[in-house]
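# Breakdown of the fold
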Amino acid sequence: MQNPVTVIQSVRLDDENDTLVVLNQTVLPNETNFLELRELEDIWDAIYQLKVRGAPAIGIAAAYGAYLGAKKSIAETYEALFEDFKKVKDYLATSRPTAVNLFWALNRMENRFKQEAGKSVAEVKAALKEESEAIRAEDEKICEAIGEHALSLLEPGWGLLTHCNAGTIATAKYGTALAPIYLGQEKGYNFKVYADETRPLLQGARLTAWELQQAGVDVTLICDNMASIVMKEGKIQAVLVGCDRVAANGDSANKIGTSGVAILAKHYNIPFYVCAPLSTIDLECKTGDDIQIELRPSEEITSKWYEKPMAPEAVQTYNPAFDVTDHSLITGIVTENGIAYAPYTESLPKMFKS
Ligand code: MRU
């Protein structure tokens, strides 16, 4: 039987209608609705508002956005089209700062543009379409490969804990941290998955629990502050998380709360794996200190999910969307080309060569 979740296309191009179609992740699990985005501002907003989210899906959406933005241009020469393309690219790059996949995908689109130097406007537009479609299609294969490598670290029947959502809807297909769970399910591994709810935007509760439940995986939702007790009770044999940016020394930025989970895993002697495509590894960032952490609005903490505000009016808040897990807490970084182990300054560059 086909898995009803991994067939969902959370980001896709409808070229005939000049539209980017995204699964609106802000209304899940109550509604499954797809947004049809034609204006560049709407694509920017969909990324900023997390309607499309998860590092690889953000990259794919940005690539399609860059293509659709260039397609709209009325420029008649290569040079004029490049100017318009650059404006689109620079604008989309301001939507979210932490996931490097956004910049990686936009730069890849620019490189493709440059490779087409001297070609007609129509030819360049066709090349940009091809490149954006390639970014999406490659991500599917990459996630599957990450899943296979990660599965080699796990044993049937294990309890797994995950934070945020690094699943099929955060990527082209399968996800990163959830890919081994889907592949394991096909092989009868019977994992028991614990999903942290992931305050404040509840990606674990709204998205991971929904995804895994729809797929028929044994999933148990816990509040973030329950990770310690399930570890202490022996329910967790490995932690798997996704990632938004890996620095050259292995420090990894992921959804806020991830570093706390890693500290707990170390305490309880549980392996902690980061699953990340090479497009998430930023060797230009020397350490986690060089990763820009996105700060988000107060209402996400105080009122967003409640009928009434759950904090005093105008209370000061601090709402960083990501934190950095120190490389010393990471057992291994699983990429499509294999698993990198410490020292990461040596093992990560090798991943790009295999
Ligand atoms: O703010 P979000 O929901 O985009 O954050 C997403 C995460 O932190 C994911 O774990 C990460 O992007 C990996 S998705 C495969």
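Residues numbered from 1 in each chain as written. Predicted model: local features only at pLDDT ≥ 70, side-chain atom pairs only at ≥ 80, totals over all residues. Heavy atoms only, no water.

## Comments concerning the overall build of the protein
Secondary structure summary: the protein contains eleven helices and 14 strands in total. For the protein, whose C-alpha radius of gyration is 20 Å, the value lies close to the compact-globule estimate of 20 Å for 354 residues. Counting only C-alpha atoms and orienting by the principal axes, one finds that the protein spans roughly 65 × 50 × 45 Å. Counting over 354 residues, the protein shows a buried share of 56%. Contacts spanning at least 24 positions in sequence make up 75% of the contacts within the protein whose residues lie at least 6 apart. Carbon together with sulfur atoms contributes 50% to the accessible area of the protein, which is approximately 15200 Å² in total. Side-chain charges in the protein split into 34 positive and 49 negative, and the spacing between the mean points of these groups amounts to 1 Å. (Helix = DSSP H or I, 4+ residues; strand = E, 2+ residues; numbered from the N terminus. Rg over C-alpha atoms; globule rule 2.2 N^0.38 Å. Buried < 20%, exposed > 50% of the residue type's maximum accessible area, 1.4 Å probe, protein only. Contact = heavy atoms within 4.5 Å. Areas by Shrake-Rupley, 256 points an atom, 1.4 Å probe, with all protein chains shown as cover. Lys, Arg positive; Asp, Glu negative; His and termini not counted. Charge placed at Lys NZ, Arg CZ, Asp CG, Glu CD.)

## Comments concerning the pattern of salt bridges
Following the criterion strictly, the structure yields 22 salt bridges and no others. For Arg112, the salt bridge is made with Glu130, and the minimal N-O distance between the two is 2.7 Å. Here the residue Arg112 occupies a position in helix α4 (residues 100-115), and Glu130 occupies one in helix α5 (residues 121-151), the gap between them amounting to 18 residues. On the accessibility criterion, Arg112 (14% relative accessible area) is buried. By relative accessible area, which is 49% here, Glu130 ends up partly exposed. Of the charged contacts in the structure, one is a salt bridge between Glu116 and Lys119, with a shortest N-O distance of 2.9 Å. Judged by relative accessible area, Glu116 falls into the buried class, the value being 8%. Salt bridges linked by common partners bring Arg108, Arg112, Glu116, Lys119, Glu130, Glu131 and Glu138 together as one network. (Salt bridge = Lys/Arg side-chain N within 4 Å of Asp/Glu carboxyl O.)

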